[in-house]
Amino acid sequence: MPKPQPRISFEYFPPRTEEGRVKLLRDTTPALNALNPAFFSVTYGAGGTTRDSTLGVVSAMREDGIDVAPHLSFGGDDRNAIGALVDTYAQRGINRLVALRGDMPSGMGGASQLVYASELVAFIRERTGDHFQIEVAAYPEIHPEAKSYDSDIRYLKGKLDAGANGAITQYFFNVEAYFYFLDQCAAAGITKPVYAGIMPIINFANLARFSRNCGAEIPRWICQRVEGYDGDQDSIRKFGIEVVTQLCQTLLDSGAPGIHFYTMNQVEPTREIYRNLGL
Ligand code: FAD
């Protein structure tokens, strides 16, 4: 039997400026859409801080005939507000969502409460039945706040059992962590696909800082290599493409169901990696 085609998707964040928004819709999206992804997704700011801009970008893309999934969390909103937003997405022809707990926006302290993603999935299913294809987040290197490896997998199963269709992972560079995680998911009775989230290396300093917070490990040999380039951005870029292409190739060769690229709103290096893979 021929191997099923891997599912490829691309993630954006909603730009902060009108200029950024125009560039994303007019230049970046046609260039990436030419690669024929299954869909795009657009993140949702912690606490609902990008409610309007996520809705705006997603609606504009949908009007251009693009399959796009807004990310969503309760943030600081109640069921009425989130229900209205979900209804608006459905009315605008959106049929995918990425459902998350999200994090506390910086500066809010303990003022508002986080709602687990499983509750959001159940809420969306209760309100809109099977309208949406729902994805949730998964963590091959385990969520930083998880009580244990096993409990994190149990809660992932809970999100999928609440009605999500599949999961997309946090980015990782340790391919063994992902395949071990898939084995553990299968042992826990998870049968839905867990797609690999992949972060192309664009700005290494930012990536290193972000990785410390989200619990994704950048292997020592990658850090050492980048350090050795002493700020030579061209060499770092080339090395980053080589490393991430190899990672993706291993994933695809070893049966990952698909790859979700965190594009950081840039055409390159995602396009170059994609082409290297011969997809
Ligand atoms: P949950 O699945 O709710 O889990 C959060 C933590 O609670 C975990 O440690 C879990 O083990 C634990 N847990 C879960 N359920 C229970 C329970 N019932 N009882 C006790 N403990 C429980 N952030 C954004 O702000 N905007 C985005 O658009 C965004 N997109 C993302 C997309 C992907 C693919 C990924 C991987 C992450 C994304 N994030 C985003 C980050 C995400 O919001 C954070 O990682 C957040 O801390 C956890 O969200 P979650 O949906 O995984 O939470």
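Everything that follows concerns the structure shown earlier in this document.
None of these values were measured; they are calculated from a predicted model.

As a general point, the strands of a sheet are linked pairwise by backbone hydrogen bonds and lie either parallel or antiparallel. Around the barrel, eight strands lie side by side as 1-2-3-4-5-6-7-8; this closed barrel has parallel pairing. With direction set aside, neighbouring strand axes in the sheet form an average angle of 30°. Looking at chain direction, strand 4 (residues 96-99) and strand 5 (residues 133-138) are connected through three bridges and run parallel. Within the sheet, the bridge partner assigned to Leu97 lies in strand 5 and is Ile134. Its contacts with the sheet put helix 2 (residues 51-63) on strand 1 (7-12), strand 2 (39-42) and strand 3 (68-72), and the angle it makes with strand 3 is roughly 170°. Contacts from helix 4 (residues 117-128) reach strand 3, strand 4 and strand 5 within the one sheet, and its direction differs from that of strand 4 by about 155°.

So, on to the site of the ligand. Among the 23 residues in the neighbourhood of the ligand, the closest are listed as Tyr44, Asp103, Tyr139, His143 and Asp152. Contact between the ligand and His71: an oxygen atom at 2.9 Å from a side-chain N or O atom of the residue. Take His143: an N or O atom from its side chain is 2.7 Å from an oxygen atom of the ligand. When the ligand sits alone it has 980 Å² of accessible area, and the protein chains cover 87% of it. Every element with two or more residues in the shell around the ligand is listed here: helix 5 (149-161) and strand 6 (166-169).

Turning to the pairing of strand 3, a few remarks are in order. Most of strand 3 sits inside the fold, with five of its five residues counted as buried. Here strand 3 shows two buried faces, one formed by Val68, Pro70 and Leu72 and the other by Ala69 and His71. Direction of pairing for strand 2 relative to strand 3: parallel, over a ladder of three bridges. Residue pairing across strands places Ser41 opposite Ala69, the latter belonging to strand 3. A crossover links strand 2 with its parallel partner strand 3, the connecting element being helix 2, and its sense is right-handed. Two strands pair when backbone bridges link them, and strand 3 and strand 4 are joined in this way by two bridges, in the parallel orientation. If you follow His71 over to strand 4, its bridge partner there is Val98. Note on the crossover from strand 3 through helix 3 (residues 79-91) to strand 4: the handedness is right-handed.

The rules behind these values
- Residue numbering note: each chain is counted from 1, following its sequence as written.
- Local features in this predicted model are restricted to residues of pLDDT 70 or higher, and side-chain atom pairs are both shown and tallied only at a pLDDT of 80 or more, whereas totals for entire chains, interfaces and linings draw on every residue.
- With hydrogens and water set aside, each side-chain value is computed from the structure's full complement of heavy atoms.
- At least two bridges found by DSSP between two strands are what make those strands a pair.
- Each helix is a run of H or I in the DSSP string that is no shorter than four residues. Each strand is a run of E no shorter than two, and both are numbered from the N terminus.
- Whenever a helix is involved, its axis is fitted only over the stretch in contact; in every case the axis is a line through C-alpha atoms, and angles between N-to-C directions fall within 0 to 180 degrees.
- The contact criterion used is simple: two residues touch if any of their non-hydrogen atoms lie within 4.5 Å.
- Whether a residue is near a molecule or strand is decided by its heavy atoms; if any one of them lies within 4 Å of it, the residue is near.
- Polar contacts, as used here, are pairs of N or O atoms within 3.5 Å; protein pairs need one atom able to donate a hydrogen and one able to accept it. Residues neighboring in sequence count only if both atoms are side-chain atoms.
- Surface accessibility in these figures is a Shrake-Rupley result with a 1.4 Å probe; residues are shielded only by whichever protein chains are displayed.
- We call a residue buried when its accessible area falls under 20% of the maximum for its residue type, exposed when it is over 50%, and partly exposed in between, using a 1.4 Å probe and counting protein chains only.
- Here a crossover is taken to be right-handed if, once the strands point away from the viewer, the path from the first strand over the helix to the second is traced clockwise.

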